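Descriptive analysis of the structure
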Amino acid sequence: IFTVLFCAIIGGLCITSLLLSDRGFSQVENRELQLAPILRIGNVIDGSFGKSFEQYAQDQFPGRDLWMKAKTAIDKYTGRFDNGNVYFGHEGRLFAKEHLDETQLAKNLEYINEFSARYADTGMRLSLLVAPTADSVQQRYLPRGVRAVLPDETPALASLSQNAHIPFCDVSGTLAAHADEYIYYRTDHHWTTRGAYYAYAQWIEECAGMKAAPESAFSVTKVADDFLGTSYSKAPLPLQKMDTIYRYDSLHSSAIKMTVEDAALTAVSTSDSLYDTSYLKKKDKYAYFLSSNNPVTLIESKADTGRRLLMLKDSYGNSFVPFLTEHFNEIVVVDMRYYRNSPQALIERYGITDMVFLYNIQTLSSDNNLVYLMRT
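First, a word on scope: everything that follows refers to the structure included in this document.

Reading the values: rules and limits
- Residues numbered from 1 in each chain as written.
- Predicted model: local features only at pLDDT ≥ 70, side-chain atom pairs only at ≥ 80, totals over all residues.
- Heavy atoms only, no water.
- Helix = DSSP H or I, 4+ residues; strand = E, 2+ residues; numbered from the N terminus.
- Rg over C-alpha atoms; globule rule 2.2 N^0.38 Å.
- Buried < 20%, exposed > 50% of the residue type's maximum accessible area, 1.4 Å probe, protein only.
- Contact = heavy atoms within 4.5 Å.
- Areas by Shrake-Rupley, 256 points an atom, 1.4 Å probe, with all protein chains shown as cover.
- Lys, Arg positive; Asp, Glu negative; His and termini not counted.
- Charge placed at Lys NZ, Arg CZ, Asp CG, Glu CD.
- Expected span 1.5 Å × (residues − 1).
- Polar contact = N/O pair within 3.5 Å; in protein donor to acceptor, adjacent residues only side chain to side chain.
- Salt bridge = Lys/Arg side-chain N within 4 Å of Asp/Glu carboxyl O.
- Core = buried A, V, L, I, M, F, W, Y, C linked by side-chain atoms within 4.5 Å.
- Pairing = 2+ DSSP bridges.
- Phe/Tyr/Trp six-rings, centres within 6.5 Å; stacked < 30°, edge-to-face > 60°.

Counting its regular elements, the chain contains 14 helices and 14 strands. In terms of overall size, the chain behaves like a compact globule, its C-alpha atoms giving a radius of gyration of 23 Å where 376 residues would be expected to give roughly 21 Å. Counting only residues that meet the buried cut, the chain has 51% of its 376 residues in that class. Intrachain contacts of the chain at a sequence separation of at least 6 include 70% that bridge at least 24 residues. Per element, the accessible surface of the chain, about 17900 Å² overall, is 54% carbon and sulfur. In the chain, 37 positive and 44 negative side-chain charges are present, and the distance between their average locations comes to 4 Å.

Dropping the structure here:
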C-alpha cells in the first residue's frame, strides 16, 4: 500500500509538472524563478545544466507557494523561533537573519575615507549616515532566546564613528528612543516613512547645518495597507498582518521634477512626483518611493537655498529623500550597485555643495560596489 501511494504521489507530481506552465516570477518570493535550462553538451560537461535543472525543479515544483506557506506555518506554530531565514517576532514582526561582514565593512569605510579626502579642502560638506536594523532597535519584539545570538551592531557603529574621516551621523539612539513606534515595517527590512523622518531630522541639523521641519509640517497620507515585504518573501506566513505605507508631503512636494537616468546618464523617464503609483499594484510596494532603485535619479525642487546634494545610498535612502526637498535645490541620488562609476563627474556636473553616504549597516557591510569610488 505504501509503495503504491508513494508511486502515485510521485507520478501525480510529475504529471502535474508537465501539465502546468512554468512561472517566470514568484509574487510571494518577489524574485525571478529558474526556467527550464537548455540541454547542451557544454553545460552538461561543466555541470551547470545539473545545477540549473535542480534549481528549476525546486522553483517550478507544483504548489510551491502553498508548500512554503505550510512549512513556515508549521515552523512557527510548533514553537520554533525561525524558519531558517527569518526570526518570528512578537506582534507579527518578521526579522531577517543576517550577519555583519566586518572585513567588507572596513573596506567600504576605507573607500569612503579615501574618496572624501579628495574634497577635504573644497568646502563641500560630506557626511556618513548608517541606519541600524530593526532587530537591533526593536529587540523587545524578538523571542528571548534569539536576542543573545544576534550580531551586536553597537561595536560596528562605534568603529564607524571613530574611524570615519567625515562627520558620522549615528541615528541608532534616536530610533531607539522611538522603538515602540511604527518606525520599521513588520514584514520588510526597511524603515517606515516615520523612521526615515526621525533620521532626517537628526542628519539635517547635525551634518547639513539646517533646521529640520517639524513632523507637523508634513501632511501624512496612507497610500497602501496591504504591503508584504522582503522578510515575508522569506517566510510567507498565512494570515500575516500586512504593513501600511505612508507618504509625507511637504511644502515643495508638489513642485518637483524627477528624472531617472541610466548608468550612461541618459534620461529614462521624467515625472512631477517622487512617487511611482504603479508599484502600489505590485508586490514590491516599497519601490513606490523614487520609482525603485536606479543608477541615477535627479530631483529638482523649488527650494531656494542654493545648495545641491549628492546622495550615495541603498534603498533606505528612497523614503528619506522626500524630506530633503525643502532644503536643496537639486538632489542627485546614486545607487552604486547600478551606477558603478566614480561620482566625481556628477559632483562637477551639478556643482554639488553637500554629499551624504546613506546606507543600512547590513548593506554597508556586504556591498562590494563602493570600490568604484576609487575610479577617477
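That was the structure; now back to the text.
Another aspect to go through is helix H4 (residues 64-77). For H4, with 14 residues, the first-to-last C-alpha span of 20 Å sits near the 20 Å given by 1.5 Å per residue. A positive backbone phi angle near 95° is found at Gly79, which sits one or two residues after H4.

Here we take up the environment of Thr78. With respect to the helices and strands, the residue Thr78 is situated in the loop between H4 and strand E3 (86-88). By relative accessible area, which is 56% here, Thr78 ends up exposed. Side-chain polar atoms of Thr78 contact the backbone oxygen of Ile74, separated by 2.4 Å.

Once that is clear, we can look at helix H10 (residues 193-206). Helix length check: H10 (14 residues) gives 20 Å between terminal C-alpha atoms against 20 Å at 1.5 Å per residue, within 8%. In terms of burial, H10 is a largely internal element, 11 of the 14 residues being buried. Residues of H10 that are buried: Thr193, Gly195, Ala196, Tyr197, Tyr198, Ala199, Tyr200, Ala201, Gln202, Trp203 and Ile204. Looking at the buried side of H10, the elements it contacts are strand E5 (125-131), strand E6 (168-170), helix H9 (172-177), strand E8 (243-249), strand E12 (308-313) and strand E14 (354-360).

With respect to the helices and strands, Asp243 occurs in strand E8. A polar contact of 2.9 Å, which involves the side chain of Asp243, links it to the backbone nitrogen of Arg186. Leave out the neighbours within four places in its chain, and Asp243 touches Tyr182, Tyr185, Arg186, Thr187, Asp188, Ala224, Asp225, Asp226 and Phe227.

A few words on the pattern of salt bridges. The tally for this structure, following the rule as stated, stands at 13 salt bridges. Arg194 is the salt-bridge partner of Glu181, the closest N and O atoms lying 3.3 Å from each other. One end of the pair, Glu181, is in the loop between H9 and H10; the other, Arg194, is in helix H10, with 13 residues separating them in the sequence.

Trp191, Tyr200, Trp203, Phe320 and Leu324 are the most contacted members of the largest nonpolar core, which totals 59 residues. Beyond its immediate chain neighbours, meaning those up to four positions away, Leu324 contacts Tyr200, Trp203, Ile204, Leu309, Met311 and Ile331. Ranked by size, the runner-up nonpolar core spans 37 residues in total, among them Ile347, Ile361, Leu364 and Leu373.

Every regular strand shows the same layout, with side chains that alternate between the two sheet faces. Within strand E13 (residues 330-334), five of the five residues are buried, leaving the element largely enclosed by the surrounding structure. Here E13 shows a buried face lined by Glu330, Val332 and Val334 and a second buried face lined by Ile331 and Val333. Across five bridges, strand E11 (residues 296-300) lies against E13 in antiparallel orientation. Each residue of the ladder has a partner; that of Val296, found in E13, is Val334. Two elements, E12 and E13, share five bridges in a ladder whose sense is parallel. Opposite Leu310, over in E13, you have Val332 as the bridge partner.

On to the pairing of strand E9 (residues 257-261), then. With four of its five residues buried, E9 lies for the most part within the structure. Here E9 runs beside E11; their pairing, made up of five bridges, is antiparallel. Counted as the bridge partner of Met258 is Ile299 from E11. Bridge count between E9 and strand E10 (residues 267-271): four bridges; the pairing is antiparallel. The residue bridging Glu261 from the neighbouring strand is Ala267, located in E10. In sequence, E9 turns back onto E10 through a hairpin of five residues, with Leu265 there showing a positive phi of about 65°.

The next point concerns the side chain of Gln202. The residue Gln202 is located in helix H10 in this model. By relative accessible area, which is 12% here, Gln202 ends up buried.

What follows concerns the packing of aromatic side chains. Applying the stated rule across the entire model yields 22 aromatic pairs. Both rings, one in Phe115 and one in Phe357, keep their centres 6.4 Å apart while their planes meet at 90°; by these two values the pair is edge-to-face. Within this pair, whereas Phe115 is found in helix H5 (residues 102-117), its partner Phe357 is found in strand E14, the two being separated by 242 residues in sequence. Accessibility expressed as a relative area gives 0% for Phe115, which makes it buried. Between the aromatic rings of Phe218 and Tyr248, the centroid separation amounts to 6.0 Å while the plane-to-plane angle is 50°, which identifies the pairing as tilted. Linking Phe218 in the loop between H10 and strand E7 (219-227) with Tyr248 in strand E8, this pair joins segments that are 30 residues apart in sequence. Neither residue differs from the other here; Phe218 and Tyr248 are each classed as buried.

Below, the discussion takes up the environment of Ser231. Assignment of secondary structure puts Ser231 in helix H11 (residues 230-234). For Ser231, a relative accessible area of 1% translates into the label buried. Beyond its immediate stretch of four places on either side in the chain, Ser231 contacts Val86, Leu94, Ala96, Thr187, Asp188 and His189.

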